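Architecture and fold: a report
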Amino acid sequence: MSLKKLLWFDLRRGLFQKPLFFIIPTLIALISCFDLYRRVLFVNPNETLGIKISAGFADFLTYLYGGTTTYDPYSGNPFARWMLVLLSVCFLTLHYPNQDVQTYGQQLLIRTQSRLAWWLSKCIWNIAGVLLYHGLLILSAALFCLLVQADFTGGPQKELLYHLFQVVPEQRMPAAAPWNCCFIVLPILVSLALNLLQMTFALFVKPILSFLILSASMVSSACFASPCLVGNYAMILRLDTVTVDGVSIKAGVILSLLLLLWAVIVGCVRFARCDILNQD
Amino acid sequence: MMTIEVKNVSKTIRRQPVIQHASLSMQSGRIYGLQGINGSGKTMLMRLISGLIVPTDGWILINGKLLGKDLAFPERMGLFLENPAFLDRYSGFHNLKMLSSIQNRIGDSQIRSALDQVGLDPFDHKHYRKFSLGMKQRLGIAAAIMEAPDLILLDEPTNSLDTDGIALVKKILAAERARGALILISCHDFSILQEMSDEIFVLESGQIQKHLHAPDFM
């Protein structure tokens, strides 16, 4: 019962009353979609692509969650956009748990009589926040597609993969799997794991340091296409169904779920014995 | 009837000892004072007893139950720590109503009565962010007493209060003691503690240096 009440407080105060949770994903999606639309349709299509082409919903999502096949510091655009998409939500969920437990949430905590309930409530809040963020990102992209009458049925187009992400034919899987939900579910699952990891790290170090650790891991993932670095699974262009030598979707799902579970359990054990002090 | 036993408790934070070998016992129906200069460990001892921080050594028993093992926080506790924080966009009443909804022990009339007791208008719709320092302090005290807790911990409750406010706090604490609550109050002003407390623990560098009983310090 106390978990249900705590969760309601967390969702209300830590999510619904935080306008940035709604504004940031909408802005990122709309700006990125407009950027792609502009690049495809208005920047001299015959010279750039050689053929008349228009971006579909899958292309817009790949533009957001694609990342890069190989890291090139001089073509920073796709890398920066992917980092922005994944790290913005980390930043949005960064401060609330810590601020809550040092202020009003402290009064709620002593009344619930349970540190476990507090931690579980924060985990569910975190998951809800990440899902809301990505949901709005996708919804905004879908609305943009509706507005420009883009195609919703097809997968990412080869010509766009080549011209926008420099995915050369040799890198592309010869019989690329049809566009399916795994392409988008996996980056979201990775995002969930990363956010919960960040919240758990924040029980050991300062929240901002926890964010920096996450950021460093994302940069490493972009630089090294290694299956051990979880960020690789959050890039559609590095999945084995899209590119040759890509990372396995199955491994990504397992690794993300393991990290997610680890974060929840370690955080639970840590919070049961950690000191609740004021920032000063 | 509530009893608290603090047995040889020490706390070290970032290699700095903040409480050293503190032992004390308390029982309901009495007011205990913690006196000491800034940094003497009053707030840390309060936090230890409230269950917010965990002792490095020693143990704390609340009604014979080990704090941190048998229970996470003392049951039926009202806590007021320095600089209380409430929700900016809500009135005093709504802030307290949300807190009380967790345990659901009291209704609107008790909340309004607690606000009235501390000298705040129970029907005032003013948002918390527009409260003065003294009003914020009063709301924090109301939150600590509204559910008629068995244990009341008040850390510097008279800060930012005018003389009327201080008199009000004294009156409230006397009423709570008469009701049978165990009250632990910290204050750097010895004269205020003298007037209110039955026993006073004097802290210095995280150690309890003196334990004074009412006739000794009057």
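Not measured: the values here are computed from a predicted model.

Let's shift gears to the domain arrangement of chain B. Residues and elements named next belong to chain B. Domain parsing of chain B yields domain 1 (1-76 + 151-218) and domain 2 (86-148). A separation of 23 Å is found between the C-alpha centroids of domain 1 and domain 2. Tallying the contact residues gives 16 residues for domain 1 and 13 residues for domain 2. Carbon and sulfur atoms supply 58% of the area that domain 1 and domain 2 bury against each other, a total of about 1,200 Å² over both sides.

Let's shift gears to the nonpolar core. Nonpolar side chains tend to gather and get buried jointly when the protein is soluble and globular. Ranked by internal contacts, the top residues of the largest apolar core, which has 160 residues, are Trp 82 and Phe 271 of chain A together with Ile 4, Met 26, Leu 45 and Leu 96 of chain B. Among the domains, domain 1 (1-76 + 151-218) and domain 2 (86-148) of chain B are the pair contributing at least three residues each to this core. Not counting chain neighbours up to four residues away, the residues in contact with Met 26 of chain B comprise Met 2, Thr 3, Ile 4, Tyr 32, Ile 49, Leu 182, Leu 184 and Phe 201 of chain B.

Glancing now at unusual backbone geometry. All names here are of chain B. Even without glycine at this site, His 21 takes up a positive phi of about 45 degrees. In this structure, His 21 sits in strand β2 (residues 16-27). Look at Glu 156: it is not a glycine, yet its phi comes out positive at around 50 degrees. Checked against the element boundaries, Glu 156 lands in the loop between β7 (151-155) and α5 (163-179).

Across chain A, pLDDT averages 86, with 86% of residues at or above 70. Here helix α3 (residues 45-48) of chain A is the element of chain A with the lowest mean pLDDT, 54, and helix α8 (residues 115-147) of chain A is the one with the highest, 96.

For the rest of this paragraph, the subject is the state of the cysteines. Linking two cysteines covalently via their sulfur atoms produces the bond known as a disulfide. For the coordinates displayed, the defined rule picks out zero disulfides over all chains. Cys 228 of chain A carries a free sulfur, and the closest cysteine sulfur to it, the one in Cys 223 of chain A, is 16 Å from it.

With that out of the way, let us pick up the interface of chain B and chain A. Taken together, the 32 residues of chain B in the interface contact 23 residues of chain A. Both faces considered, chain B and chain A share a buried interface measuring about 2,600 Å² in area, 55% of it formed by carbon and sulfur atoms. It is Phe 73, Leu 99 and Ile 102 of chain B that lose the most area in chain B upon contact with chain A, and together they represent 25% of the buried surface on that side. Our count for the chain B to chain A interface comes out at two salt bridges. The tally of links from chain B across to chain A stands at 16 residue pairs in polar contact (both at pLDDT 80 or more). For the side of chain B that touches chain A, the secondary structure elements donating two or more residues are β1 (3-13), α1 (42-50), β6 (77-80) and α2 (92-103) of chain B. The element that contributes the greatest number of residues to the side of chain B that touches chain A is α2 of chain B, accounting for six residues. Residues belonging to the side of chain B that touches chain A are distributed by class as follows: 20 nonpolar, six polar and six charged.

Further remarks concern the confidence of the model for chain B. The predicted model of chain B has a mean per-residue pLDDT of 92, with 99% of residues at 70 or higher. Scoring of the predicted complex yields 0.90 for pTM and 0.91 for ipTM.

It is worth spelling out the packing of helix α7 (residues 104-112) of chain A against α2 of chain B at this point. Following both chains from N to C, one finds α7 of chain A and α2 of chain B inclined at 25 degrees, their axes separated by 8 Å at the closest point. Taken together, the axes of α7 of chain A and α2 of chain B lie roughly parallel to each other. Where α7 of chain A crosses over α2 of chain B, the two elements pack in a sense that is right-handed. Contacts between α7 of chain A and α2 of chain B pair Tyr 104, Gln 107, Leu 108, Arg 111 and Thr 112 of chain A from the former with Asn 95, Met 98, Leu 99, Ile 102 and Gln 103 of chain B from the latter. In terms of residue class, the contact of α7 of chain A with α2 of chain B is built from five nonpolar, four polar and one charged.

Right, let's get into the environment of Ala 234 of chain A. Residue and element names in this part refer to chain A. With respect to the helices and strands, the residue Ala 234 is situated in the loop between α11 (207-223) and α12 (249-273). Here Ala 234 falls in the buried class, since its relative accessible area comes to 0%. Among residues more than four places away in sequence, those in contact with Ala 234 are Tyr 65, Trp 82, Leu 86, Pro 187 and Val 190.

Calculation criteria
- Residues numbered from 1 in each chain as written.
- Chains lettered and ligands numbered in written order.
- Predicted model: local features only at pLDDT ≥ 70, side-chain atom pairs only at ≥ 80, totals over all residues.
- Heavy atoms only, no water.
- Domains from an automatic or database assignment.
- Contact = heavy atoms within 4.5 Å.
- Buried area = accessible area lost by both parts, 1.4 Å probe.
- Core = buried A, V, L, I, M, F, W, Y, C linked by side-chain atoms within 4.5 Å.
- Buried < 20%, exposed > 50% of the residue type's maximum accessible area, 1.4 Å probe, protein only.
- Helix = DSSP H or I, 4+ residues; strand = E, 2+ residues; numbered from the N terminus.
- pLDDT = per-residue confidence, 0-100.
- Disulfide = S-S within 2.5 Å.
- Salt bridge = Lys/Arg side-chain N within 4 Å of Asp/Glu carboxyl O.
- Polar contact = N/O pair within 3.5 Å; in protein donor to acceptor, adjacent residues only side chain to side chain.
- Nonpolar A, V, L, I, M, F, W, Y, C, P; charged D, E, K, R; others polar.
- Axes fitted to C-alpha atoms, helices over the stretch in contact; angles between N-to-C directions.
- Parallel < 35°, antiparallel > 145°, perpendicular 65-115°, else oblique.
- Left-handed = near helix turned anticlockwise from the far one by under 90°.

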